[in-house]
Amino acid sequence: MGKRGHTAIDFISALNDGVMQIVHWIMVFAPIGIFGLVAGRIGRAGGFTQFLPELLAVGKYSFTVIFGLAIHAVIALPIILFLVGKRNPLTYVKGMGAALLNAFSTASSSATLPLTMEGTEKKNGISNRTSSFVLPLGATINMDGTALYEAVAAMFIAQVYGIDLGPVEQVVIFLTATVAAIGAAGIPEAGLVTMMIVLKAVGLPIEGIGLILTIDWFLDRCRTTVNVWGDSVGAGVIETLESEVAPEQGADSP
Ligand code: ASP
């Protein structure tokens, strides 16, 4: 639209700046809010010594999330890549090294997207046709790490509050965690926000999120790395399937 489009561009970038500023303010106040939530929890438990078991529980919860993510990233995804994508997982992960490190340090799949594309295309030989379709879509909707984390977090909150979850509730958690992960944006802590959907679906207290806030900065990095790894594996699998279906179209891939 040439010059006429500038008004729309200016409007959208001003809106973006505004939202970024609001997020910045929230991040400035977040430590005070988290402090308040944790202090409230300690008070309700009747002091720090009584709170200690809860603290230990948060440690076990973190271990469970990390262990689950590790099984998914080191066993499940490489097997899919090897069997369906017909690629060597070790070589593939080496090519994705920069993207995975960036995902860990930024906790954002969207911010990592350029490096994910570079890793799949330049290092792993995936065609631009596949990566430019699969990866941007994957960075927003394919969040395996987030889905896994949301399910574990919901179960943890239920256990801390002493709420018994039957098989039906557990299936609801599994389904809503998947949907909530799809809804989460590829930005830091997005999964924490969409987790309200999971908690609401099975009637768990939303304040329970306060319990896991303190450790979420770290778990977010771990799950984002798995999210990006999952997207990269997806690109490898689609590339192989596509070239099998339409070899002439996948000709631009090496
Ligand atoms: N930070 C995650 C990502 O960008 C989303 C989340 O689980 O919070 O992939």
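Remember, it's a predicted structure, so these values are computed and weren't measured experimentally.

A.B. asks: Would you take a moment to explain the environment of methionine 117 for this structure?
C.D. replies: With respect to the helices and strands, the residue methionine 117 is situated in helix H5 (residues 109-123). As for methionine 117 and proline 136, which are separated by 19 residues in sequence, their C-alpha atoms are 8.9 Å apart.

A.B. asks: Looking at this model, I keep getting lost on the nonpolar core. Mind explaining?
C.D. replies: Across soluble globular proteins, nonpolar side chains show a tendency to be buried alongside one another. Counting 47 residues, the largest nonpolar core has Tyr61, Tyr149, Met195, Ile212 and Trp229 as its most contacted members. Those elements giving two or more residues to this core turn out to be helix H2 (48-83), helix H4 (97-106), H5, helix H6 (128-141), helix H7 (144-160), helix H8 (167-183), helix H9 (190-201) and helix H10 (209-245). Top element by residues in this core is H10. It accounts for 12 residues. Ranked by size, the runner-up nonpolar core spans five residues in total, among them Ala147, Ala181, Ala184 and Ala190.

A.B. asks: What is the right way to look at the UniProt feature "transmembrane region" (unreviewed entry) in the chain in this model?
C.D. replies: UniProt annotation of "transmembrane region" (unreviewed entry) refers to residues 22-43, 63-84, 170-187 and 193-219 when read in the numbering used here. Helix makes up 100% of residues 22-43 and strand 0%, and the two end C-alpha atoms of the span are 31 Å apart. Annotated as residues 170-187, this span is 78% helix and 0% strand, and its ends, taken at the C-alpha atoms, are 27 Å apart.

A.B. asks: Sorry, what's going on with empty space enclosed by the protein here?
C.D. replies: Where empty space is left can be seen by rolling a probe of water-molecule size over the atoms. Scanning the model with the defined rule gives four cavities of 30 Å³ or more in all. Reported here for the largest cavity is a volume of approximately 60 Å³. Around the largest cavity, the lining is made up of 15 residues, and of these Ala185, Ile187, Asp220, Thr224 and Asn227 lie nearest the centre. At the level of secondary structure, the elements contributing two or more residues to the lining of the largest cavity comprise H9 and H10. Residues belonging to the lining of the largest cavity are distributed by class as follows: six nonpolar, seven polar and two charged.

Rules used in this analysis
Residues numbered from 1 in each chain as written. Predicted model: local features only at pLDDT ≥ 70, side-chain atom pairs only at ≥ 80, totals over all residues. Heavy atoms only, no water. Helix = DSSP H or I, 4+ residues; strand = E, 2+ residues; numbered from the N terminus. Core = buried A, V, L, I, M, F, W, Y, C linked by side-chain atoms within 4.5 Å. Buried < 20%, exposed > 50% of the residue type's maximum accessible area, 1.4 Å probe, protein only. UniProt positions renumbered as here; feature names shortened; annotations may be inferred. 1 Å grid on protein atoms, 1.4 Å probe; cavity = no way out; pocket = protein on both sides within 12 Å on 5 of 7 lines; lining within 4 Å. Points joined across faces, edges and corners; volume = space filled by probe spheres on them. Nonpolar A, V, L, I, M, F, W, Y, C, P; charged D, E, K, R; others polar.

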